[in-house]
Every structure is written in C-alpha cells, then in structure tokens.
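# Notes for the structure review
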Amino acid sequence: YTRPLAQSALRTVVTMKFSAVVLALALGAATAFVPSTRMPRAAVKMSATAAAPAVESALATAANEARGLAMDSIAAAASGHLGLPLGAAEIGAVLWGQSMMYNPDEPTWPNRDRFVLSAGHGSMFLYSWLHMAGYDIPMEEVKNFRQWHSQTPGHPEFPNSEHTTPGIEATTGPLGAGIGNAVGLAVSEKMAAATFNTEDHKIFDHHVYALCGDGCLQEGVSAEAMSFAAHEKLDNLILLFDSNDVTLDKMAEFTQSEDHAQRFDAYGWDVITLTDGHDLKAIHAAVEEAKSNNNGKPTAIICKTIIGKGIDEVAGTNAAHGEAGVEFVDGARKSLGLPDEKWHVSDDTYSFMKEKQAANKAVYDEWTETYAAWKAANGDKATILEDALAKKRKSAAEIMDMIPMKETDEATRASGSTIINQVSDALPTYVSGSADLHGSNKNYIKGAGDFGSGFGKSYSGKNFYYGIREHGMGVIMNGISYGGIFTPSGATFLVFADYMRATMRIAALAELPVSYILTHDSIGVGEDGPTHQPVETVSGLRVFPNMDVMRPADYEETAAAYAYSITKGMACGTVQTTGPVSLILTRQNVKYLTGVSPQERRDGTMKGAYTLVKETADLERIIIAAGSEVQFAEAAAKELGAGTRVVSMPCMSLFDKQSAEYKESVLPSSCANRVAMEAGVSGLWYKYVGLQGKVVGVDRFGFSAPGDITFRELGMTTENLIAECQ
C-alpha cells in the first residue's frame, strides 16, 4: 500500500518501515501495531484493539454508519459538505475506534490525544465520530446540524460563549490553519512534558492528529507550519492527508502538480503513502507506526481516498465536495446496507465503541493515579499546572505591583523589553516569540531559554524563534492556546500583522487569551518608507469584535497594557472578557507623561481612556490622543490654556465597555469642541469627537525620511495640533 516515490531512498524507508506490521497483519496478529517507544505504557494499552476480522468488520460498519449520519444531517440541513465525511470515514473509524487516547466523560483531560480537523468544512465527519465515541453530543444535536444554537455548527468551534461542543480541539476556520493549530498543540505537549514530567512520573505523553485536504496544503500557511514542525522535531504530530485529488472548482490537477510526498520529505517529515486510504488495516498500521516514532520527525500519512465514497453518482469528482450528492442520498444509503431509518447507528457499533471507551477509561484511571503521585511529589509544579488549566492568575493590579515605576523617555517597545520579564515572572506559563525580529520587537524573556531542538534550544524554553513566518506564528500561537496550559504572545512589526490577520480574527472569535506585540507602529518608522509605515493597520485591528487594541503612550501605560494582556479585564472594575489583545508599540522615543501620577495612568489605561490633563477653568475643549501622539496633546494643553482637557485613549474597545457614568466623566457630553490626534487613518475617531469635531490624522501613505521629518510633514506635532485646535 505504498506508492512508488521518485526518491528511491524514501521509498525504501517507507517500505521497510512497514514490513513488520504487514507481516503481523498477514498472519492475523491479535494486535497489529508497532509498540510505541515514545509512550511505553499508554500507547500500547490504547492500541490493544485488534485488527482481526471481527474488529475490522465492526470498524467497517461504523464507517458506513458515520457516512449515513453525514448524509442524513447534510440532507436535512440542505447545506454542508459531503465529500470529506464520506471519503475519510475509515480514517475516523481507526482513530476513534482503535488508535486515539481519549475519555469522553472527561473531554478536557490534559493528557488526551488531540484531533484537529483542518478541513473544517467536513465538520459532519467530526460530529459523527464524536457522537459514536461517546461524547456528549446527543443524536438530536447531530440532526440539528448547522442550525441556530446547535452544538453542531457549520464549521467546528472550540468551546466558547457561543458553543460548548465537547471534543472540538480547535476553531480552524480558513483552510490550512488547522495544520498550524495542530503544530501549536504539538508544541504545547512537548513543552508540557519538558516542564512538568519528572523521571519518576510522566503525566504528558500524548499525540496530536490533524486531518487535512488538498485545499489546506495549497494555502501557504501549511508550508510555514510544517517547516517549523520539522525543524523543531515535533515527532508527536501526525498529519493525515485526505488525498482525493479534488478541489471545489475543479479536479486538483487543474491547479496543482506537485508531489506531496517529496514536499513533505523535503521539510523533514516521515512520509507514509497509502494507495488505498479506505484500507482499515493499512490505516491502522500507518497510524501505529507514526505513534511509535520518536526519531525527531513528525509523520505525514498520505491517504489516497475517494471523495464522496458511497454516493456513486458523484464519488471521485469535484461535485462530491459540497451538497450536490444530496439528491442521491436515499439510494446511496441502501447501497451501503443502511436501513430506511435515518440517522441510524446500530447497537453493535455503540457496543464496539463502548468497549473502546472502557479501554480508554482504564488508561485514564491509571493516569489519574500517576498524576496524584506526581502532584504529591511536586507540589510547586502542580500548583503552576493547575492554575494554568483553571486560568487562575494574579490580578492586573498584582502584576502591575511587580512592575516598578520608572520615569523615562523611551520607545514603548523598549519599555516592553523590561516589562515582559515581570509579566513572565507573574505568569510562569507565559511564553513569547518573534517572527525573526526579537532584536527589533524587544520581547525576549531573559533567562527563560529558547524553545525547540538543537542550537542550545530545549522544549522548556519560553522564547520562540518562528523565522520569517508571521502567518505560521499566528496559527501556532492559537494552537498553543488551544492546548490550555501556556499563554502565548508573539511579535512582529505592526505592518506585518496583515500576514496573520486571519489567525488574529479566529483568536478573537474563539476567545483565546493570545497577545500580539506589534512594534514600529506608525509613520515614525521613518526611513523604511511607506511599505513599512502602517497608517491603516491599527484601525483595521480595532474593528475586530473581541480584540482589544492597546496603544500605550509611555512606560507606565505600557506596564498596564502588558498586565491587561494576560488578565483582560480582571482588575479596576472593568468587564470580565476573554480574547486576544494587541499591544501597539513605538519604534521612536516618547516623552514620559506628567499630567497625572504614574498610578493614575496605569489605572486609567485599565479602563481604556482617562483624563490625563484636567482643565483648571471652565471646560472649553477636549483633546483625545493615543500612543506617541499623547505627548503632543499634553504639550499643546499648556499653550491652549486652562480650559483644555487632555484624554489619553490607549484602547477604544476597553473604554467602550466602561459604565455610562465613567465615560461621561471622561468625555462629558456638554463639551462638543473635541479634537482627536493619531498618526493613522482618522475614521474611527469620529465616534468620540462627533461630526462637529475634528481629527488630526494621517489619511494617506507616508514616505521615506527620518521619522521626525515624516511626523512634521504629516502634521504630527504639537504646533500643528495647537493650530488645529484654535
């Protein structure tokens, strides 16, 4: 079942790799798998299901019944994607019926195997198997596919305030992202094992599985993530490629001609090709071989499948991708031997899957004993782990107390370079990384080591070197967050945030506690010119629901912004929320503000906006500014007279969450004479100045010149602000 490959060496490795497994299968071995050296206890027990004829028959029946569930639900919804659930049914049977380690009664068990559906449009594949595997997804919810408030939305969603479907390990969203999410989950497992396992007790030793299609691999993010995974030797990662040679518009050959096996091999992955991706024995052997590897290579299993298998009228064609086969469902169900009763799962299948659940439960019970012994022997580690899993952490006020106040005129990225170390001390499971810009972003956690393999790195390191892979960084960070233990942050230049915009959107949608450190935030970048001077990017991030964008003005505001990024609303009376935070930091130096005390600036930042300069006479005007422009507003107030108020607004969305009374105290409705200033596009500021107000912004691209000149020529000066106010 191996396809000849152009590289004879690779072909030889793949063939030899399976010789023992094939022999065992041919002899009808009771347990056809290669014992795992990586997981000597759990893997063997979890894989004890035989690939004998009776088991194979039960798996084949389950696969066809999973096909039936997908057909019935998609037909009922008149919406959905039949192709993958039907074409990959045998893959699901092997994973949930034989190979994966999970406990549906404890779906968040920290040492469970993870499964990520990168091709999320095939969501009925996942819902069907989770239902049959005993997760709390009743048949009524399977029937309710794609309906409002159901547990079975069109694409799988990680448990959040909208959906709490158990067994969903990632909101993958756009194609390809799930591969990167799986890499992030594999990173999390490696880091957890290195951080918490001891010689006497291993509490983390699970695997991460992902299922992808041609579309996932055509998206460039797959290359970024797979390259990173191979380079950092994530051999706990198994990617199953549903290789059916089909995309939505055309057969895949219309748009691609690459050899995927050679591509994966070039990255540094082990590659297994199954010419029949419906052969249960072959799939099981391949998965068990991948689990047994501890050679520093992730494994890609290429499964040559027939899309829409079971609906002969469309199977193997691009018409099978969506719901085009719905009109043929009744006939297909009969051909598969399914009864007239829709949404049928036989008692035999439920019984078979319950046997698997019982085997899993035995391993889970043994793990809980190991965990109890580990906890008794490692109290400090246990506290860190349990606090991380419970999202228990110091309050923002406690964290700010750990960050000393400092009167300094410096770039806010420089402020962040010291503050991030106190944040790491406050939250031991906080990690950071950069897309090849640590020296510029200044987000390196000192003394914490570097994550990865080789070159002095280790899996307990807290600094990630992502390479020039912003999109990959974004999906991997989301994956780390899905892991539930580590709180990731990642850095790049603000202008490059657009490379990972899709992943930032998913982080906001999935309510992930991820933070982005985005430096070089405006035309102040200067000499690099307009290609690197973001004028629209901050506003573009502010419009994401559930994304708090913090653009601090000085060291003290930066301290509060960092504290907020890992607590998001837990202090200072703000609304408790979840989700990502973007920290927007300057390249150039900014003045240390003096309008109110450092503590008042920190507390005010925690509310999104505050009065920095209070008028000492009747209120005549309000100047609102953010980031590096606040220094100009504070200076302008001294010239404009006693009736001028200055409001620093580092975070619009956070200010919007405050009480009506607080907002009125900062921006009294009695004063309509308002001017806002920011070195970026002006549009969003009219919400705060009103149509009668004025915005001093930059509604054009910049130019290459020293930063002070770009600021002067584009009106970002105290003098111009005074003129605009008068």
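Residues numbered from 1 in each chain as written. Predicted model: local features only at pLDDT ≥ 70, side-chain atom pairs only at ≥ 80, totals over all residues. Heavy atoms only, no water.

### Focus: the overall build of the protein chain
Across its full length, the protein chain holds 30 helices and 16 strands. The globule rule puts the C-alpha radius of gyration for 726 residues at 27 Å, and the 28 Å found for the protein chain is close to it. Over its C-alpha atoms, taken along the principal directions, the protein chain stretches across nearly 90 × 60 × 45 Å. Counting the 726 residues in the protein chain, one finds 62% classified as buried. Contacts in the protein chain between residues far apart in sequence, at least 24 positions, make up 76% of those at least 6 positions apart. (Helix = DSSP H or I, 4+ residues; strand = E, 2+ residues; numbered from the N terminus. Rg over C-alpha atoms; globule rule 2.2 N^0.38 Å. Buried < 20%, exposed > 50% of the residue type's maximum accessible area, 1.4 Å probe, protein only. Contact = heavy atoms within 4.5 Å.)

### Considering helix 13 (residues 280-292)
Spanning 13 residues, helix 13 covers 18 Å between terminal C-alpha atoms, matching the ideal 18 Å at 1.5 Å per step. Among the 13 residues of helix 13, 12 are classified as buried, and the element is accordingly described as predominantly covered. Regarding helix 13, the residues found buried are L280, A282, I283, H284, A285, A286, V287, E288, E289, A290, K291 and S292. The opening residue of helix 13, the one whose side-chain oxygen lies 3.0 Å from the backbone nitrogen of K281, is D279. (Expected span 1.5 Å × (residues − 1). Polar contact = N/O pair within 3.5 Å; in protein donor to acceptor, adjacent residues only side chain to side chain.)

### With respect to the sheet that holds strand 10 (residues 548-550)
Remark on secondary structure: sheet strands pair via backbone hydrogen bonds, oriented parallel or antiparallel. Strand order in the open sheet formed by 6 strands is 7-6-8-9-11-10, and the pairing between neighbours is parallel. At either margin of the open sheet sits one strand with a lone partner, and together these are strand 7 (463-465) and strand 10. Neighbour-to-neighbour, the strand axes of the sheet open up by a mean angle of 20°, direction not taken into account. Of the strand pairs in this sheet, strand 6 (residues 430-434) and strand 7 are connected by 3 bridges, and their pairing is parallel. Bridged to G433 within strand 7 is F464. Strands in contact with helix 18 (residues 412-426) are strand 6 and strand 9 (515-519); relative to strand 6, the strand with the most contacts, it is inclined by about 150°. Helix 23 (residues 555-565) contacts strand 6, strand 9, strand 10 and strand 11 (581-584) of the sheet and is inclined by roughly 160° relative to strand 11. (Pairing = 2+ DSSP bridges. Axes fitted to C-alpha atoms, helices over the stretch in contact; angles between N-to-C directions.)

### Some thoughts on the nonpolar core
With 143 residues, the main nonpolar core has W96, F115, L240 and I301 as its most contacted residues. No other element matches helix 9 (residues 177-196), which puts 11 residues into this core. Residue contacts for W96: discarding those within four places in its chain leaves Y102, F115, F125, L126, W129, L130, A133, Y135, M353 and K356. Judged by nonpolar contacts, the second largest core, of 45 residues, contains A637, L640, M677 and A679. (Core = buried A, V, L, I, M, F, W, Y, C linked by side-chain atoms within 4.5 Å.)

### Quick word on the packing of helix 25 (residues 630-640) against helix 30 (residues 718-725)
With their axes 9 Å apart at the nearest point, helix 25 and helix 30 run at an angle of 55° to one another. Here helix 25 lies oblique to helix 30, going by the angle between them. The handedness of the crossing between helix 25 and helix 30 comes out as right-handed. Each of F632, A633, A635, A636, E639 and L640 in helix 25 lies in contact with helix 30, whose residues at this interface are T718, L721, I722 and C725. In the contact of helix 25 with helix 30, the residues fall into 8 nonpolar, 1 polar and 1 charged. (Parallel < 35°, antiparallel > 145°, perpendicular 65-115°, else oblique. Left-handed = near helix turned anticlockwise from the far one by under 90°. Nonpolar A, V, L, I, M, F, W, Y, C, P; charged D, E, K, R; others polar.)

### So, the pattern of salt bridges
Evaluated as defined, the whole model comprises 30 salt bridges. Ionic pairing is found between K657 and D548, a salt bridge with its closest N-O pair at 3.1 Å. Of this pair, K657 sits in the loop between helix 26 (652-656) and helix 27 (660-666) while D548 sits in strand 10; the two residues are 109 residues apart in sequence, bridging distant segments of the chain. Look at D548 and you get buried, because its relative accessible area is 0%. Linked by salt bridges that have partners in common, D521, R542, R551, E629 and E678 make up one network. (Salt bridge = Lys/Arg side-chain N within 4 Å of Asp/Glu carboxyl O.)

### Re the pairing of strand 15 (residues 674-677)
Alternating residues of strand 15 divide into R674 and A676 and V675 and M677, and every residue in both groups is buried. Bridge analysis of strand 13 (residues 621-625) against strand 15 gives 4 bridges, and the strand direction is parallel. When the bridges of strand 15 are listed, I622 appears paired with R674. Where strand 15 and strand 16 (residues 694-696) come together, 3 bridges link them in parallel fashion. Looking at strand 16, one finds that A676 is bridged to V695.

### Things to note about the confidence of the model for the protein chain
Per-residue confidence for the protein chain gives a mean pLDDT of 92; residues scoring 70 or more make up 92%. The low-confidence segment residues 1-50 (pLDDT under 50) makes 112 contacts with residues lying over four places distant or belonging to another chain. Between residues 571-575, whose pLDDT stays under 50, and residues either more than four places distant or in other chains, the model counts 14 contacts. (pLDDT = per-residue confidence, 0-100.)

### Side note on the sheet that holds strand 4 (residues 270-274)
Here we have 5 strands laid out as an open sheet, ordered 1-2-3-5-4, and parallel in their pairing. Strands with a single pairing partner mark the edges of an open sheet, and in this sheet they are strand 1 (114-117) and strand 4. In this sheet, neighbouring strand axes are inclined to one another by 15° on average, regardless of whether the strands run parallel or antiparallel. Here strand 2 (residues 208-212) pairs with strand 3 (residues 237-243) via 5 bridges, running parallel. Within strand 3, the residue paired with V208 across the bridge is L237.

### What about the packing of aromatic side chains?
Taken as a whole, this structure holds 23 aromatic pairs when the rule is applied. When the ring of F451 is compared with that of Y459, the centres are 5.4 Å apart and the planes differ by 50°; the resulting orientation is tilted. Residues F451 and Y459 agree in their burial class; the two are buried. One aromatic cluster in this structure is built from W109, F196, F204, Y364, W367, Y371 and W374. Sitting over the face of the ring of Y592, R601 holds its NZ or CZ atom 4.6 Å from the ring centroid. (Phe/Tyr/Trp six-rings, centres within 6.5 Å; stacked < 30°, edge-to-face > 60°. Lys NZ or Arg CZ within 6 Å of the ring centre and 35° of its normal.)

### Some remarks on helix 30
For helix 30, every residue scored as buried is listed here: T718, L721, I722 and C725. Down the axis, helix 30 shows its buried residues gathered within 100° of arc, on one side only. In the core, the buried residues of helix 30 are packed alongside strand 13, helix 25, strand 15 and strand 16. (Arc of directions from axis to C-beta.)

### Here's the deal with the environment of G715
By the element assignment, G715 lies in the loop between helix 29 (707-713) and helix 30. Taking the C-alpha atoms as reference points, G715 and I283, separated by 432 residues in sequence, lie 65 Å from one another. With near-sequence residues (within four places) excluded, G715 lies in contact with M677, V696 and N720.

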